[in-house]
Amino acid sequence: MTESSSNKLLNGDSCHRTSNGKKSSKNGFVKNHGLLQEPQKYRRPREKNQNVTHNSSLYKKPFAESFEETPLLVAVLTYMGYGILTIFGYLRDFLRHWSIEKCHVAREKEEQKDFVPLYQDFENFYTRNLYMRIRDNWNRPICSVPGAKMDLVERVSHDYNWTFEHTGKVVKDVINMGSYNYLGFAENTGACADAAIEATEKYGVGVGSTRCEIGNLDIHEELEQLVARFLGVESSMAFGMGFATNSMNIPALTGKGCLILSDELNHASLVLGARLSGSTIRVFKHNNMQSLEKLLRDAIAHGQPRTHRPWKKILIVVEGIYSMEGSIVRLPEVVALKKRYKAYLYLDEAHSIGALGPNGRGVVDYFGLDPKDVDIMMGTFTKSFGAAGGYIGGKQELIDYLRRHSHSALYATSMSPPVAQQIITSMRIIMGEDGTTLGVDRIRQLSENTTYFRRELREMGFIIYGNDDSPVVPMMLYMPAKIGAFGREMLKRNIGTVVVGFPATPIIESRARFCISAAHTREMLDTVSHPVIMLPLPIYNCRLVFSSHPRCEEKDLFFRGCCYRTNLILSST
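All values reported here derive from a predicted model rather than from experimental measurement.

**Thoughts on the pairing of strand β14 (residues 472–478)**
(1) Moving on: Of all seven residues in β14, seven are buried, a share of seventy percent or more.
(2) Moving on: By the alternation rule, side chains of β14 split into Val472, Pro474, Met476 and Tyr478 and Val473, Met475 and Leu477, which are all buried.
(3) Moving on: Bridge count between β14 and strand β17 (residues 510–515): six bridges; the pairing is antiparallel. Its bridge partner lying in β17, valine 472 is registered against cysteine 515.

**Thoughts on the packing of helix α4 (residues 191–203) against helix α14 (residues 417–431)**
(1) Moving on: One way to put it is that α4 packs onto α14 with a least axis distance of 8 Å and a crossing angle of 145 degrees. Helix-helix and strand crossings are classified by hand; for α4 and α14 the assignment is right-handed. Here Ala191, Cys192, Ala193, Ala195, Ala196, Ala199, Thr200 and Tyr203 of α4 come into contact with α14, specifically with Pro417, Pro418, Gln421, Gln422, Thr425, Ser426 and Ile429.
(2) Moving on: A breakdown of the residues in the contact of α4 with α14 according to their chemical character gives ten nonpolar, five polar and no charged.

**Some points on the sheet that holds strand β3 (residues 165–176)**
(1) Moving on: The mixed open sheet is built from three strands, whose spatial order is β2-β3-β15. Each end of this open sheet is capped by a strand with a single partner; those strands are β2 (149–156) and β15 (495–496).

**With respect to the pattern of salt bridges**
Where side chains of opposite charge bring their charged atoms close, a pairing between them can arise.
(1) Moving on: Taken as a whole and judged by the stated rule, the model has 22 salt bridges.
(2) Moving on: Residue glutamate 293 is joined to arginine 340 by a salt bridge in which the shortest nitrogen-to-oxygen separation is 3.7 Å. Of this pair, glutamate 293 sits in helix α9 (residues 289–302) while arginine 340 sits in helix α10 (residues 331–340), placing them 47 residues apart in sequence.
(3) Moving on: Across the pair arginine 330 and glutamate 333 runs a salt bridge whose closest N-O atoms are separated by 3.4 Å.
(4) Moving on: A relative accessible area of 1% means that arginine 330 is categorised as buried.
(5) Moving on: Members of the salt-bridge network, linked through shared partners, are Arg92, Asp93, Arg96, Glu101 and Arg128.

**Here's the deal with a nonpolar patch on the surface**
(1) Moving on: Taken together, the side chains of Ile84, Ile87, Phe88, Leu91, Phe94, Trp98 and Ile100 make up a nonpolar region of the molecular surface, amounting to roughly 810 Å² of accessible area.
(2) Moving on: Looking at the secondary structure, you find isoleucine 84 in helix α2 (residues 72–97).

**Here's the deal with the confidence of the model for the chain**
When pLDDT is low, close inspection of the predicted coordinates is not appropriate.
(1) Moving on: Per-residue confidence for the chain averages 84 on the pLDDT scale, and 82% of its residues sit at or above 70.
(2) Moving on: Strand β10 (residues 344–348) holds the highest mean pLDDT among the elements of the chain, 98, whereas helix α1 (residues 3–9) holds the lowest, 37.
(3) Moving on: Predicted confidence for residues 1–47 stays below pLDDT 50, and this span has 85 contacts to residues more than four positions away or in other chains.
(4) Moving on: Taken as a whole, residues 536–573 scores under 50 in pLDDT and shows 113 contacts with residues more than four places along the chain or in a different chain.

Conventions adopted
- Residues numbered from 1 in each chain as written.
- Predicted model: local features only at pLDDT ≥ 70, side-chain atom pairs only at ≥ 80, totals over all residues.
- Heavy atoms only, no water.
- Buried < 20%, exposed > 50% of the residue type's maximum accessible area, 1.4 Å probe, protein only.
- Helix = DSSP H or I, 4+ residues; strand = E, 2+ residues; numbered from the N terminus.
- Pairing = 2+ DSSP bridges.
- Axes fitted to C-alpha atoms, helices over the stretch in contact; angles between N-to-C directions.
- Left-handed = near helix turned anticlockwise from the far one by under 90°.
- Contact = heavy atoms within 4.5 Å.
- Nonpolar A, V, L, I, M, F, W, Y, C, P; charged D, E, K, R; others polar.
- Salt bridge = Lys/Arg side-chain N within 4 Å of Asp/Glu carboxyl O.
- Patch = residues over 30% accessible without salt bridge, like charges linked within 9 Å, V, L, I, M, F, W, Y side chains within 5 Å.
- Areas by Shrake-Rupley, 256 points an atom, 1.4 Å probe, with all protein chains shown as cover.
- pLDDT = per-residue confidence, 0-100.

Listed below in structure tokens is the structure:
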């Protein structure tokens, strides 16, 4: 295949050619870092990856994703911040070693020093000295339904987050921007809750057996038939745990002599499943079709290492929505490559099922593709359906094979009956089989909320990642001091958010992640977006430039994650 013919299929990252005398890089393109400039009127910086597809024949609608490049100065300051934290971490370890500072970590007893060590102090360096300082931002206990609003159990720490104590108080009506409650089915009233109660009264809560023994209930059969009809495939199989759906089924599908081509940002469950399979694993750049095609061509041309025999099977593994980036897989191009090179396609729709497409049937529905083009359709019930577990859909032969060979099918306890009923009821609502338009309304509301919230953050000047239609909205924070400060300050305003940093993200790409729900009202989204830009000044020792944004008063700091116009030197007081 010639280079020109391959380029017709692929669309890489679009860049801007140099003009007006700007110095170009080696490939003839230029990246604008926009370093803390103060123009009269704010202009959005040029993006490093404005993925607007050029191959319109494969797409029925515009496909736009943006990943703005980290400003150079912000990257340098971020590395410096982690460097300072590391230096102080070594100092604290030195003080702990000489018992000057109390040591909370597990240690070997003196009489066990000659044995093989159970604890590796250096491996826990990051946990001891960095994570513990901001640990209060995670694992917060809630005491209500995780709907649009939730109640949090108040807790305090007197030893810098090593241990927590509950105060006995409850923080009421916290706006929930962290749960994957995309369609708002996480609720304790309504049709789903009533149906789950009836199922509990009929079947009980637990099954006490596996599906292949005496744990196969009629409600499980009904669920699998409904899922197959919802996905538009021949058959499906349900599992009690979403993580195990990937990690336990991929080893049943591939093995030694097979090749797995995995996106570099795939979920840990996919990575674990690939490793357990014993297959050869090769990783391609995120959503980069040129990288994927190169691996496919090399695999076919060279075969297996040393023997050069053809691969028994080539499996492409991708996700529908990537939960940390907010990006959507370029499925039309992946399908085209899969067909061209006779590979198999494994699609994880954990975050996209229910949240994308005019009918809520995931990324396949979003692009208007034929479900038969995807060999293995995987998804979870934990997000859009407000339940638990996962599924795999495909041809009848595939499902029959998994029933006999999947560890998750043979050894795992059957799904709880009320959970299965929750999925059945919510799925029928989405499909409109309940006789109402509630499902269609929720899908439309989620799309509107996503568009509105992303537009508001962009207009305020924040750097946000991902696709315009993705309900996962990562907002970049960059610097380590912002991770803890942002989560705490938002909670003070009764807003619950998820903040993420290294090693879950690249070291210079710490972020806050918002998950939009159909249950969110416009007032809630406004409440979330307004405090983001008005964090109080006493939190930081800052050198700053005030913003002229119309929503900011004269003395309010425009706390923007991108830091193009706001030069923040952050240190907790």
